[in-house]
Amino acid sequence: MTDRRSVLMGVVLGALLAGCGPAAGPPPPPPSVVKTEPVAEHDVAVSGEWVGTLVGYINAQIRPRVSGHLMSQNYKEGTLVKSGDLLFQVDPRTYQAALEQAEANLLQAQSQLGQAKAQVAASQAQVEQALAKVAQDEAHVKKAEADQRRTELDVGRYTPLAERGSVSKQELDNAVQNNLANIATLSATRASVQNAQASVSNARAALEKARADVKSHEANIAAARAALTNAKLNLGYTRVRAPISGVAGFRGANIGDFVGPNDQTPMTTVSQVDPIYAEFPISEQRALAIFRRWDADPKAPREIELELSLADGSAYPARGRAAALDRQVDVTAGTVLARGVFPNPGNVLRPGQYAKVRALVETKKNALTVPQRAVQNVQGTYQVAVVLPDDTVDVRAVKIDGRVDTRYVIAEGLKPGERVIVEGGDRVRPGQKVRLAPATPAPAGAAK
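Trainee: Talk me through the overall build of the chain; I want residue IDs and the actual numbers.
Mentor: Along its length, the chain carries 4 helices and 20 strands. Against the compact-globule benchmark of 22 Å for 448 residues, the chain has a radius of gyration of 56 Å, which places it well outside the compact range. Excluding contacts between residues fewer than 6 apart, the proportion of contacts in the chain whose partners are at least 24 apart in sequence is 78%. If you sum the accessible surface of the chain, you get close to 27,100 Å²; carbon and sulfur atoms cover 53% of it. With 53 positive and 46 negative side-chain charges, the chain shows a separation of 4 Å between the mean positions of the two kinds.

Structure, rendered in structure tokens:
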């Protein structure tokens, strides 16, 4: 009995002595639970994404070709118009009068040409008549020469006979008179030939002038026809038509305004939107990589398939293709303007719309990838939390080299197989001990 009391007293005393000692601290918190995934190494198709703007395949600014008051608008703004549709009507009366004047001038020039051709015919007849008169007078000269030689021979023959008394003096005088008459006749016929030849020259000069007049009037007809064509064009230009099929925008001039070719504001704009362009800037480095790949492999495909995301985040169902790169680099931004083309049969896409363009730019061999949720952007620096073999945390800066679906391609900062935190990384700090949740398996076929 006494021993039991002694033991009990000892226990009570021990408890009292223990309660008088220093208080014990709270137990340390358990390590944070994080979920990790291994860094995967595999071949990946790297996509690029750029923000751009939709641009009409053709943007035709409609401006008046002639001046005048705007009389009517013949289309509904914002609707689809076809090539050749009437958009506006400019007052045509001035140009109709000019057309009628040009038609009258052409008729007058044609009449004058007919008169000139008739004069050519008359001058040609005068030349022929003058030539015939020359031939006739030359024949008369030959006859006069023959008669004069005959009478001259008679004078020569009668002169010695008259001296011997074989012929009478009267016969000799008659022979001399006949010879003198024939000499005068010969001179007259020769003068007639010269006059006829002068008439030929004058007739030929008149003929050349008539022919020149014909050419002049033909030139006048050509000028009159050109003026008539121009007048018809100007009259046609008063009906302002759509040069292409597309969507017509708001009008830039009101009915009754005086419009003209020098107006700075177009009357409207018609945009062909099927297909439609998407323009977006790509970096100079990316452009160089594309050019070098094409240069190294001439058989490499030039047509790159494009995907389009719209302002509401939806994906455009139709795929596009890369069309062209601009001729120069923007020196201020260090970018090259790229252009892609997309089908747009329903006219859903319109010029000026926001466009996010995505394209497969290259295939990287043995690339390292991690889930996007494992990467944090801290003031422009990408960081990844890595769990070391001793279950402590190491926060590293990494370099991103593109995105593949929901994973980032890592260019620097990680090694294959390392464990990166995908959940709980915001609750840890460098050097902290963590406890691992069951790891999520890497994508099928990703690890090598």
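Trainee: Describe the sheet that holds strand E8 (residues 258-259), with residues and values.
Mentor: The 4 strands lie next to each other as E6-E5-E3-E8, forming an open sheet whose pairing is antiparallel. The strands lining the two open edges of the sheet, one partner per strand, are strand E6 (239-241) and E8. Strand direction decides the pairing type here: strand E5 (residues 86-90) and E6, joined by 3 bridges, are antiparallel. Along E6, the bridge assignment pairs Phe 88 with Val 240.

Trainee: Residues and numbers for the side chain of Lys 364, please.
Mentor: Relative to the helices and strands, Lys 364 is located in strand E13 (residues 354-371). Separated by 2.7 Å, the side chains of Lys 364 and Asp 401 make a polar contact. Leave out the neighbours within four places in its chain, and Lys 364 touches His 42, Asp 43, Val 44, Val 46, Asp 401 and Val 409.

Trainee: For the pattern of salt bridges, give the residues involved together with the corresponding values.
Mentor: Under the counting rule described, the total for this entry stands at 21 salt bridges. Residues Asp 401 and Lys 364 are paired through a salt bridge, measuring 2.7 Å at the closest nitrogen-oxygen approach. On the criterion of sequence distance, the pair formed by Asp 401 in strand E17 (residues 399-404) and Lys 364 in strand E13 is long-range, its members being 37 residues apart. Judged by its relative accessible area of 18%, Lys 364 is buried. What you see here is one network of salt bridges that share partners, running through Lys 35, Glu 37, Arg 373, Arg 407 and Glu 423.

Trainee: So, helix H2 (residues 93-164): which residues are in play, and what are the values?
Mentor: Counted at 1.5 Å a residue, the expected span for H2 with its 72 residues is 106 Å, and the 106 Å between its end C-alpha atoms agrees. A maximum bend of about 25° is found in H2 at Tyr 158, where proline Pro 160 lies one to four positions downstream. Gly 165, located one to two residues past H2, shows a positive phi value of around 85°.

Trainee: Outline the layout of surface pockets, supporting the account with residue identities and numerical values.
Mentor: Of the voids in this model, the largest pocket is the one considered here, and its volume is about 290 Å³. Along the wall of the largest pocket there are 19 residues; nearest its centre are Ile 290, Trp 294, Ile 304, Ala 322 and Leu 325. Secondary structure elements with two or more residues in the lining of the largest pocket: strand E9 (268-283), helix H4 (284-296), strand E11 (320-330), strand E12 (335-342) and E13. Looking at the lining of the largest pocket, its residues break down into 15 nonpolar, no polar and 4 charged.

Trainee: Pulling in residues and values, what's your account of the environment of Gln 328?
Mentor: Tracing the backbone through its elements, the reader meets Gln 328 in strand E11. Here the alpha-carbon distance between Gln 328 and Ala 97, two residues 231 residues apart in the chain, equals 51 Å. With sequence-adjacent residues up to four places away left out, Gln 328 is seen in contact with Thr 335 and Val 336.

Trainee: Before we move on, could you go through the packing of aromatic side chains and cite the residues and values that matter?
Mentor: For the structure shown, the criterion picks out 4 aromatic pairs. Seen from their ring centres, Trp 50 and Phe 280 are 5.5 Å apart, and the 20° between their planes marks the pair as stacked. Residue Trp 50 is located in strand E2 (residues 40-62), and its partner Phe 280 is located in strand E9; the two are separated by 230 residues in the primary sequence. Here Trp 50 matches Phe 280 in class, with each residue buried. Geometry around Tyr 237 places Arg 65 over its ring, the cationic atom sitting 4.3 Å from the centre. Positioned above the aromatic ring of Tyr 277, the side-chain terminus of Arg 339 is 4.2 Å from the ring centre.

Trainee: Before we move on, can you summarise the side chain of Thr 151 with the specific residues and values?
Mentor: Note on placement: Thr 151 falls in helix H2. If near-sequence neighbours (up to four positions away) are discounted, Thr 151 is found in contact with Ala 175, Asn 178, Asn 179 and Asn 182.

Trainee: For the nonpolar core, give the residues involved together with the corresponding values.
Mentor: Leu 54, Phe 280, Ile 282, Leu 306, Leu 308, Phe 342 and Leu 349 are the most contacted members of the largest nonpolar core, which totals 28 residues. Mapped by element, the contributors of at least two residues to this core are E2, E9, H4, strand E10 (305-309), E12 and E13. In terms of nonpolar packing, the next biggest core, distinct from the first, is built from 19 residues, Val 120, Leu 207, Ala 224 and Ala 231 among them.

Trainee: So, unusual backbone geometry: which residues are in play, and what are the values?
Mentor: Residue Pro 275 is bonded to the preceding Asp 274 through a cis peptide linkage, with omega at 0°. Within the secondary structure, Pro 275 is located in strand E9. One non-glycine residue, Gln 379, adopts positive backbone phi at about 50°. Positionally, Gln 379 belongs in the loop between strand E14 (375-378) and strand E15 (381-387).

Trainee: A description of the packing of H2 against helix H3 (residues 169-237) should follow, citing residues and the corresponding values.
Mentor: Here H2 crosses H3 at 170°, and the two axes come no closer than 5 Å. Of the possible angle classes, the one that applies to H2 and H3 is roughly antiparallel. For the element pair H2 and H3, the recorded crossing hand is left-handed. Partitioning the contact of H2 with H3 into residue classes produces 37 nonpolar, 23 polar and 17 charged.

Trainee: So, the environment of Pro 345: which residues are in play, and what are the values?
Mentor: Looking at the secondary structure, you find Pro 345 in the loop between E12 and E13. On the basis of relative accessibility, which here comes to 65%, the residue Pro 345 falls in the exposed class. For the pair Pro 345 and Asp 274, spaced 71 residues apart in sequence, the C-alpha separation works out to 5.8 Å. Not counting chain neighbours up to four residues away, the residues in contact with Pro 345 comprise Asp 274 and Tyr 316.

Quick notes on the rules
Residues numbered from 1 in each chain as written. Predicted model: local features only at pLDDT ≥ 70, side-chain atom pairs only at ≥ 80, totals over all residues. Heavy atoms only, no water. Helix = DSSP H or I, 4+ residues; strand = E, 2+ residues; numbered from the N terminus. Rg over C-alpha atoms; globule rule 2.2 N^0.38 Å. Contact = heavy atoms within 4.5 Å. Areas by Shrake-Rupley, 256 points an atom, 1.4 Å probe, with all protein chains shown as cover. Lys, Arg positive; Asp, Glu negative; His and termini not counted. Charge placed at Lys NZ, Arg CZ, Asp CG, Glu CD. Pairing = 2+ DSSP bridges. Polar contact = N/O pair within 3.5 Å; in protein donor to acceptor, adjacent residues only side chain to side chain. Salt bridge = Lys/Arg side-chain N within 4 Å of Asp/Glu carboxyl O. Buried < 20%, exposed > 50% of the residue type's maximum accessible area, 1.4 Å probe, protein only. Expected span 1.5 Å × (residues − 1). Bend = angle between axes of the 7 residues up to and from the residue. 1 Å grid on protein atoms, 1.4 Å probe; cavity = no way out; pocket = protein on both sides within 12 Å on 5 of 7 lines; lining within 4 Å. Points joined across faces, edges and corners; volume = space filled by probe spheres on them. Nonpolar A, V, L, I, M, F, W, Y, C, P; charged D, E, K, R; others polar. Phe/Tyr/Trp six-rings, centres within 6.5 Å; stacked < 30°, edge-to-face > 60°. Lys NZ or Arg CZ within 6 Å of the ring centre and 35° of its normal. Core = buried A, V, L, I, M, F, W, Y, C linked by side-chain atoms within 4.5 Å. Axes fitted to C-alpha atoms, helices over the stretch in contact; angles between N-to-C directions. Parallel < 35°, antiparallel > 145°, perpendicular 65-115°, else oblique. Left-handed = near helix turned anticlockwise from the far one by under 90°.

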